[in-house]
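What the coordinates show
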Amino acid sequence: MTAVTTTVAEADGRIPLRGHLRHTGALVRRNLLWIRQDPESMFDALLMPIVFTLLFVYVFGGSIGQALGGGQGKYVQYVIPGMIAMMSMTLSQGVGTGFSQDFNSGVMDRFRSLPIGRGSVLFAKIAVELARMLFATAILMVVAVLVGFHIHSWPGLLATVGLSALFATSIMWVFLTLGVVLKNAQSVQAMGFLVLFPLQFGSSIFAPPRSMPGWLRQFTDYNPLSTLADSARGLMNGGPVAHPVWMTVGWSVAITAVMAPVAIHKFRTKS
């Protein structure tokens with residue numbers, strides 16, 4: 001670590017907790033104002049829940065619903081909780097692309113020249129992306145009700161959203177690291193696709209894994225998106241929840257414990 005980086009870290013450590021919270025709040029406001037000036041940045045959070053819900057319900061709902069022992073209505077009850085899990089991971093990618101854009105545009109250099117907590121920059125990004133995820137989840141639930149989804153447990157829905165937010169926060173540390181390490185937002189998106197695609201479709205989000213080959217079922221069983229989707233179904237529709245919930249919490253804590261220090265270190269030492 002260079003002398004400049006050491007000085008920055010020491011200065012960061014002298015800022016009191018109240019200062020960090022104030023700086024984080026100011027940066028959250030800055031990011032929200034940026035979204036207000038660029039509303040197109042919310043198109044993914046607005047359109048993705050609509051497009052994916054209509055696509056999977058009306059294209060695959062009949063055939064997969066029959067495999068589940070029902071019809072399209074049965075599949076709606078199966079896939080919507082899984083799509084909440086999908087939203088938590090897919091939209092987490094935005095924190096990495098936004099971070100990379102801030103570095104390339106020179107905004108991050110401006111932040112580094114200000115007497116603010118360096119961690120505030122990271123936490124503000126996470127807070128705004130969580131807000132985007134909650135917005136997308138609200139849109140998803142509106143569309144879900146319109147296509148026939150029945151909410152059996154409102155406390156279960158709230159618990160599902162909270163669990164999804166916890167998992168999304170852990171994944172955001174991964175994308176923050178990619179946003180610092182990779183050269184541009186396009187590289188972050190490409191790497192994110194390589195990570196997201198197998199995790200999403202090699203899971204129980206869209207279809208039950210019992211028809212998958214054995215080696216894929218083993219991958220699915222340990223896939224954190226599967227445990228999150230299974231947790232959501234148990235909480236919202238009724239069923240076993242203890243094991244998938246604890247597995248999801250365990251994954252979230254483990255990913256955060258590994259990736260948060262890496263992201264913070266890479267951010268502080270990036271030249």
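Please refer to the structure higher up on the page.
These notes cover the structure that comes with them. From a predicted model like this one, the values you see are computed outputs, not experimental measurements.

Quick notes on the layout of surface pockets
Estimates place the volume of the largest pocket at around 560 Å³. Forming the walls of the largest pocket are 21 residues, and the residues nearest its centre are Gly94, Thr97, Gly98, Glu129 and Arg132. Looking at the lining of the largest pocket, the elements with two or more residues in it are α2 (17-37), α3 (43-67), α5 (93-105), α7 (118-146) and α9 (185-201). With six residues, the top contributor of residues to the lining of the largest pocket is α5. Among the residues making up the lining of the largest pocket, the classes are represented as six nonpolar, nine polar and six charged.

A look at α5
Residue pairs spaced three or four apart in an α-helix point in one direction, given the helix's 3.6 residues per turn. Taking 1.5 Å per residue as the helical rise, α5 with its 13 residues ought to reach 18 Å, and the 19 Å between its terminal C-alpha atoms agrees with that figure. Residue glycine 106 follows α5 closely and has a positive phi angle near 90°.

Brief notes about helix α11 (residues 224-237)
With 14 residues, α11 extends 20 Å from end C-alpha to end C-alpha; this agrees with the ideal 20 Å at 1.5 Å per step. For α11, the full list of buried residues reads Pro224, Leu225, Ser226, Thr227, Leu228, Ala229, Ser231, Ala232, Arg233, Gly234 and Met236. On its buried face, α11 is in contact with α4 (72-90), α7, α8 (154-181), α9, α10 (214-222) and α12 (242-269).

Some points on the packing of aromatic side chains
Within this structure, the stated rule accounts for eleven aromatic pairs. Taking the centre distance of 6.0 Å and the plane angle of 15° together, the rings of phenylalanine 52 and phenylalanine 56 count as stacked. Remark: phenylalanine 56 and phenylalanine 52 occur in helix α3; sequence separation between them is four residues, near one turn of the helix. On the basis of relative accessibility, which here comes to 7%, the residue phenylalanine 56 falls in the buried class. Ring geometry for phenylalanine 123 against tryptophan 173: centres 5.9 Å apart, planes inclined by 85°, an arrangement best described as edge-to-face. Placement of phenylalanine 123 in helix α7 and of tryptophan 173 in helix α8 is noted, with a sequence separation of 50 residues between them. A relative accessible area of 5% means that tryptophan 173 is categorised as buried. Every member of this aromatic cluster is reached through a ring pair, and the members are Phe52, Phe56, Phe60, Phe193, Phe197, Phe201 and Phe206. Its end group placed over the ring of tyrosine 78, arginine 233 keeps NZ or CZ at 3.7 Å from the ring centre.

The rules behind these values
- Residues numbered from 1 in each chain as written.
- Predicted model: local features only at pLDDT ≥ 70, side-chain atom pairs only at ≥ 80, totals over all residues.
- Heavy atoms only, no water.
- 1 Å grid on protein atoms, 1.4 Å probe; cavity = no way out; pocket = protein on both sides within 12 Å on 5 of 7 lines; lining within 4 Å.
- Points joined across faces, edges and corners; volume = space filled by probe spheres on them.
- Helix = DSSP H or I, 4+ residues; strand = E, 2+ residues; numbered from the N terminus.
- Nonpolar A, V, L, I, M, F, W, Y, C, P; charged D, E, K, R; others polar.
- Expected span 1.5 Å × (residues − 1).
- Buried < 20%, exposed > 50% of the residue type's maximum accessible area, 1.4 Å probe, protein only.
- Contact = heavy atoms within 4.5 Å.
- Phe/Tyr/Trp six-rings, centres within 6.5 Å; stacked < 30°, edge-to-face > 60°.
- Lys NZ or Arg CZ within 6 Å of the ring centre and 35° of its normal.

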